[in-house]
Amino acid sequence: MTLNTESPSTSNRDWFFPSQSFNVPRSPARRFSSPYPRTTTSFQNFTSPLAVPRTLRRRISHRHRIQNSAGATTDEIGGKSNDAVLIQSEECPSSGNKTTTSAHKKYTDFVRWRMACVIAMVVVCFTSLLHKNFSLQYQVSDLQDEFSTLNARLRHCNISDSIDIIDSTPEHNISSASLKNTALILSLMMLSLPLVFIKYMEYVSNVRRLLDNTTEELSLNKRLAYRVDVFLSFHPYAKPLTLLIATLLLISLGGLALFGVTDDSIADCLWLSWTYVANSGNHANSEGIGPRLVSVSVSFGGMLIFAMMLGLVSDAISEKFDSLRKGRSEVVEQNHTLILGWSDKLGSLLNQLAIANESLGGGTVVVMAERDKEEMELDIAKMEFDFRGTSVICRSGSPLILADLKKVSVSKARAVVVLAEDGNADQSDARALRTVLSLTGVKEGLRGHIVVELSDLDNEVLVKLVGGDLVETVVAHDVIGRLMIQCARQPGLAQIWEDILGFENCEFYIKKWPQFHGMQFEEVLISFPDAIPCGIKVASSGGKIILNPDDSYLLQEGDEVLVIAEDDDSYAPAPLPMVQGGNLPKNIIIPKTTERILFCGWRRDMEDMILVLDAFLAHGSELWMFNEVCEKEREKKLTDGGLDISRLVNIILVNREGNAVIRRHLESLPLESFGSILILADESVEDSAIQADSRSLATLLLIRDIQAKRLPYREAMASKIHRGSSSQGSWREEMQQASDKSVIISEILDPRTKNLLSMSKISDYVLSNELVSMALAMVAEDRQINDVLEELFAEEGNEMQIRGADLYLCEGEELSFYEVLLRARQRREIVIGYRLANAEKAIINPPAKTERRRWSVKDVFVIIADKE
């Protein structure tokens, strides 16, 4: 069909409409390259209806009706008609047509909803008719069976009775059939109800959004799904409860449906529905189309139910095992020792606690750290020591979280040990302070005390201020620094401290003995054949411990005796022995002489060690510091640590810069002139125990080799080599003879390195990590021991010393240990052990204290005496 271009009614209009009626594709080239001139003539200029195609007229009329219903008809300034505007809006829709689009969408949703309802009604009607058909067939077959039965009965029964039976049977069948139809329809309605509800919610949401002219509001379906998700996530038993409800609904619906398609009772149908749910193979015995359809449907639902139940059970078991594997379960213990944190000292600490609990048949130690439980258990299993019946339980958690502290029963622990972290001292102490704050914030309170390992002495005051009376602090660097200085001045003291601090040999114990009330300390001193009294815990002074009291001190009621014994149940008082101490051979005053000491390496607490040396050494002594820290930075660190170099009284600081593992740097030092050399675990490598120990060993061997080559007896040793001794043996002999001229104390972090040094016999050593662990274990077992250790390591008060036997006896004199003990009391000293001249190890708390023996002046005694 074509248009008459010569007609006056169409001379000034462009009749090109890119619509579906002309099957013209929409492309920019076709729209803007029309051969017809563009005009603005309206559709009212047509003289005949035939001038416009019929399809186009229907489209214009339909769009005109839509525009009138929406109320959006406007007049254009350029003279365009309403129909022309509608046609233009179809080709290029703009923002002005939003109302028309929303109305069209509303109409589409209404049609979709109506079609869904119609389909649902058709399905219900078809199912009802199908069931009616099956029901009628069953009734016909039942009537036929009953009819033949009644014919047989008529031969033997009365006619009247048979008539009554015939009249009553149809009524019963009719009522039963109606009930079964009702049950079937009810089950189908309950099945379709969720679908109808979901469609209704979607329809209500769409209508609400159209009325409110907004698209940002969430639909009711999404809100309902969110609520269900929150319910399943928030409540722990929501999933099993939902599964139970779904199972009951499936059994109920299946029972109703079976009741509608079979002749069984409702109870039998419910039981049959449960068998289909529990075992999907039971539906194989079903007969008839209706029962088979229902049984298959119920069995399929049962498979889904049991699949979900299996998933829930599997997830619950996996979650439980995962919780056990990661250490999330709660520890139900009492009177256990709780260790918070993880460091290199943990192995030694666990070993000491296991030894301490051996006399009790074992104990329980709980370790909580921010590590994986399996990794902690694997590392503890690699530790080479016997736990002696002690159980070690690991848990993953943070000591800063109260929930994690509650998980390890912190309120029921008899002691809580807070380990310092490896790394920066200030950060480690800050974390320890936060841990103490968390422990003091436990609502149930703490039954035991808190033992905190600190890295810097300056932070001790703050931790005690926060923790109060519950806290006992052990400053690791301060303890090791002071111990190294004591060992440098008195070789062999490190092994003695190792015996006393550990639980393997003898240690400190405090106990009350009422039979000592009113006795002098001199009498108490020789009252224990298996222990050595060292001090008194004075009850009248608030439990203050006095080490090495006067002989005339009278024990009062409530006082306790501090002793050194093998175990807390291994000693008891005995009758006083008849012992005469006698007089000292002579009153020897040991004068202080100037010394020259070398420090190799740099520690954080260097200023504290310098202050201790300044108090102990004679005036004019020299302290050489050899490390890689430049001199200006070295002075700045000492000043920042609180050391005023100008106020040093007895020592003179000599600074040398160099690397202690490079031979030419060490050869620049007068190594043969130093009386004591301390090889410190350098601050730059102290985080790695193996690396620090390797550096210390290398420095030790280089120093001993340089000393051996510079000593005057080198030629004599060379002659021995020439006479046939092995080079390896001569090298060791040179090292050992060099060790007789000067003392070298090496700070060892890894206990495994101890075997190398003990076999070489060329150096004394201080096991810093192990000694700190021993101190922590002792304070954890009895917090009162911390006061004793603090005084023994302090600058003032009593300390442990090694003295020669010539101060107490003459050569070859025969005395018992008790007699030596009483002689030492004339100098107000307590002898706690001795080391014979040919022995390698000292004996602390020797047995048979009343047995007399012949002593040599080369023997040494271990005493506790005042530092002055």
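Numbers given for residues are sequential positions, taken from 1 along each chain in its written order. Given that this is a predicted model, residues contribute local features only at a pLDDT of at least 70 and side-chain atom pairs are listed and counted only at 80 or more, while totals for whole chains, interfaces and linings are drawn from all residues. Values reported for side chains reflect all heavy atoms of the structure, with hydrogen atoms and water molecules removed beforehand.

For the chain, an unreviewed UniProt entry supplies the name Ion channel CASTOR isoform X1 and the organism Nicotiana tabacum.

Asks: Looking at this structure, I do not really get the environment of Leu-346. What am I missing?
Replies: Position of Leu-346 among the secondary structure elements: in helix H10 (residues 346-356). In what follows, a contact means two residues having at least one pair of non-hydrogen atoms within 4.5 Å. Not counting residues within four places of it along the chain, the set of residues in contact with Leu-346 comprises Ile-339, Val-367 and Leu-419. Strands here mean DSSP runs of E at least two residues long; helices mean DSSP runs of H or I at least four residues long; both are numbered from the N terminus.

Asks: I would appreciate a short explanation of the environment of Ser-329 in the present structure.
Replies: Mapping Ser-329 onto the fold places it in the loop between helix H9 (289-326) and strand E1 (337-340). Accessibility expressed as a relative area gives 15% for Ser-329, which makes it buried. As for Ser-329 and Ser-396, which are separated by 67 residues in sequence, their C-alpha atoms are 9.5 Å apart. Exposure categories follow from relative accessible area, calculated using a 1.4 Å probe and restricted to protein chains: below 20% of the type maximum is buried, above 50% is exposed, and the middle band is partly exposed.

Asks: Looking at this model, I keep getting lost on a nonpolar patch on the surface. Mind explaining?
Replies: Two joining distances apply to patches: 9 Å for like charges and 5 Å for nonpolar side chains (Val, Leu, Ile, Met, Phe, Trp, Tyr), and every residue must have over 30% relative accessible area and no salt bridge. Here the open area of atoms and residues is found with the Shrake-Rupley method and a 1.4 Å probe, where only the protein chains shown may cover a residue. Put simply, a salt bridge is a Lys or Arg side-chain nitrogen that is within 4 Å of an Asp or Glu carboxyl oxygen. On the surface, a cluster of nonpolar side chains totalling about 710 Å² of accessible area is made up of Trp-271, Trp-274, Phe-306, Met-309, Val-313, Ile-317 and Phe-321. Those elements that provide at least two residues to the nonpolar patch are helix H8 (266-278) and H9. Top contributing element to the nonpolar patch by residue count: H9, with five residues. Within the secondary structure, Val-313 is located in helix H9. For Val-313, a relative accessible area of 42% corresponds to the partly exposed category.

Asks: Can you walk me through the sheet that holds strand E7 (residues 507-511) in this structure?
Replies: Within a sheet, adjacent strands bond to each other through the backbone by hydrogen bonds, running parallel or antiparallel. Spatially, E7-E10-E8-E9 is the arrangement adopted by the four strands of the open sheet, whose pairing is antiparallel. Of all strands in the sheet, those with a lone pairing partner are E7 and strand E9 (544-547), marking the two edges. On average, adjacent strands in this sheet sit at an angle of 30 degrees to one another, irrespective of strand direction. Criterion used throughout: strands pair if DSSP finds at least two bridges between them. A fitted line through C-alpha atoms serves as each axis, taken over the contacting stretch for helices, and the angle formed by two N-to-C directions is quoted from 0 to 180°.

Asks: Teacher, can you tell me more about the confidence of the model for the chain here?
Replies: Every residue carries a pLDDT, the predictor's confidence in it, which falls somewhere between 0 and 100. A residue-level look at the chain finds 74% of positions with pLDDT of 70 or above and a mean pLDDT of 77. The element-level mean pLDDT for the chain is lowest in helix H3 (residues 82-91), coming to 39, with strand E4 (residues 415-418) highest at 96. Within the model, the stretch residues 165-172 combines pLDDT values under 50 with four contacts to residues more than four positions away or in other chains. When the criterion is pLDDT under 50, residues 713-729 qualifies, and its contacts beyond four places in sequence or with other chains add up to 14 contacts.

Asks: Explanation requested: the pattern of salt bridges in the structure shown.
Replies: Pairing between side chains of opposite charge can happen when the charged atoms of each approach one another. Enumeration according to the criterion identifies 32 salt bridges in this entry. For Arg-823, the salt bridge is made with Glu-813, and the minimal N-O distance between the two is 2.7 Å. Of this pair, Arg-823 sits in helix H27 (residues 817-824) while Glu-813 sits in the loop between strand E17 (798-804) and strand E18 (814-816); the two residues are ten residues apart in sequence, bridging distant segments of the chain. The exposure class of Glu-813 is partly exposed, given its relative accessible area of 21%. Among the charged side chains, a network of salt bridges with common partners joins Arg-663, Glu-667, Asp-705 and Lys-709.

Asks: How should the packing of helix H16 (residues 493-501) against helix H25 (residues 768-781) be read in this particular structure?
Replies: Relative orientation of the contacting elements H16 and H25 amounts to 30 degrees, with a least axis distance of 9 Å. Classified by the angle between their axes, H16 and H25 sit roughly parallel to one another. Relative to H25, H16 is oriented so that their crossing is left-handed. Residues Trp-497, Glu-498, Ile-500 and Leu-501 of H16 form the contact with H25, whose own contacting residues are Glu-770, Leu-771, Met-774 and Met-778. Angles are sorted into four bins: roughly parallel if under 35 degrees, roughly antiparallel if over 145, roughly perpendicular if 65 to 115, and oblique for all others. In a left-handed crossing the near helix is turned counterclockwise from the far helix by less than a right angle, and in a right-handed crossing that turn is clockwise.

Asks: Any chance you could explain H10 here in plain terms?
Replies: Since the α-helix packs 3.6 residues into each turn, any two residues three or four apart lie on the same face. Counted residue by residue, H10 has eleven buried out of eleven residues, so it is predominantly covered. Of the positions making up H10, those classed as buried are Leu-346, Gly-347, Ser-348, Leu-349, Leu-350, Asn-351, Gln-352, Leu-353, Ala-354, Ile-355 and Ala-356. Buried residues along H10 sit against E1, strand E2 (364-369), helix H11 (373-381), strand E3 (391-396), E4 and H25.

Asks: When you look at the packing of helix H15 (residues 476-489) against H16 in this model, what are you seeing that I'm missing?
Replies: Each pair of packed helices can be described by the angle between their axes along with the distance between the axes. At a closest axis distance of 8 Å, the pairing of H15 and H16 adopts a crossing angle of 130 degrees. If you check the angle between H15 and H16, you find them oblique. Where H15 abuts H16, its residues Leu-483, Gln-486 and Cys-487 lie against Leu-493, Ala-494 and Trp-497. In this classification, Asp, Glu, Lys and Arg are treated as charged, Ala, Val, Leu, Ile, Met, Phe, Trp, Tyr, Cys and Pro as nonpolar, and every other residue, Gly included, as polar. By residue class, the composition of the contact of H15 with H16 is five nonpolar, one polar and no charged.

Asks: Teacher, can you tell me more about the sheet that holds E3 here?
Replies: Spatially, six strands are ordered E3-E2-E1-E4-E5-E6 in an open sheet, and the strand pairing comes out parallel. Both edges of this open sheet fall to E3 and strand E6 (471-475), since each of them pairs with a single strand only. Across this sheet, the average inter-strand angle for adjacent strands is 20 degrees, counted without regard to direction. Along the sheet face, helix H13 (residues 425-440) touches E1, E4, strand E5 (449-454) and E6 and points at about 170 degrees away from the line of E5.

Asks: It is not clear to me how unusual backbone geometry should be interpreted in this structure. Could you clarify?
Replies: For Asn-548, which is not a glycine, the phi torsion comes out positive at approximately 50 degrees. Assignment of secondary structure puts Asn-548 in the loop between E9 and strand E10 (560-565). Judged by its relative accessible area of 2%, Asn-548 falls in the buried class. With phi around 55 degrees, Arg-828 is a residue other than glycine that occupies positive phi space.

Asks: How should the nonpolar core be read in this particular structure?
Replies: Nonpolar core, defined: a set of buried Ala, Val, Leu, Ile, Met, Phe, Trp, Tyr and Cys residues in which side-chain atoms within 4.5 Å join the residues together. Ranked by size, the top nonpolar core spans 126 residues in total, and within it Ile-339, Phe-508, Ile-610, Ile-832 and Phe-861 carry the most contacts. For this core, the leading source of residues is H25, giving nine residues. Core analysis: the next-biggest nonpolar cluster, separate from the first, contains 23 residues, Leu-338, Leu-340, Val-463 and Val-471 among them.

Asks: Explanation requested: the pairing of E3 in the structure shown.
Replies: The side chains of a regular strand alternate, first on one face of the sheet and then on the other. The sheet contact formed by E2 and E3 spans six bridges and is parallel. Of the residues in E3, the one forming a bridge with Val-367 is Cys-394.

Asks: What is the right way to read the pairing of strand E11 (residues 596-600) from this model?
Replies: Extensive coverage of E11 is indicated by the burial of four of its five residues. Two elements, E11 and strand E12 (residues 621-627), share five bridges in a ladder whose sense is parallel. The partner of Cys-600 across the bridge, within E12, is Phe-626. Seen with its strands pointing away from the viewer, a crossover is right-handed if its path from the first strand over the helix to the second goes clockwise. Handedness of the crossover joining E11 and E12 through helix H18 (residues 606-616) is recorded here as right-handed.

Asks: Explanation requested: the environment of Ser-295 in the structure shown.
Replies: In this fold, Ser-295 is placed in helix H9. The contacts of Ser-295, once residues within four sequence positions are left out, are Tyr-276, His-283 and Ser-286. Of the polar contacts made by the side chain of Ser-295, one reaches the backbone oxygen of Arg-292; its length is 2.9 Å. Identification of polar contacts relies on pairs of N or O atoms within 3.5 Å, with a donor-acceptor requirement for protein atoms, meaning one able to donate a hydrogen and the other able to accept it, and with residues adjacent in sequence counted only if both atoms are side-chain atoms.

Asks: Teacher, can you tell me more about the packing of aromatic side chains here?
Replies: Working definition: an aromatic ring pair is given by the centre-to-centre distance plus the angle between the planes. In summary, the pairing rule links any two rings of Phe, Tyr or Trp, Trp by its six-membered ring, whose centres are within 6.5 Å, and it sorts them by plane angle into stacked for under 30 degrees, edge-to-face for over 60 and tilted for everything else. Going through the model one piece at a time under the given rule, you end up with eleven aromatic pairs. Where Phe-528 meets Tyr-571, the ring centres are 5.7 Å apart and the plane angle is 65 degrees; that geometry is what we call edge-to-face. With Phe-528 in the loop between helix H17 (521-525) and strand E8 (531-538) and Tyr-571 in the loop between E10 and E11, this residue pair connects regions lying 43 residues apart in the sequence. Both residues of the pair, Phe-528 and Tyr-571, count as buried.

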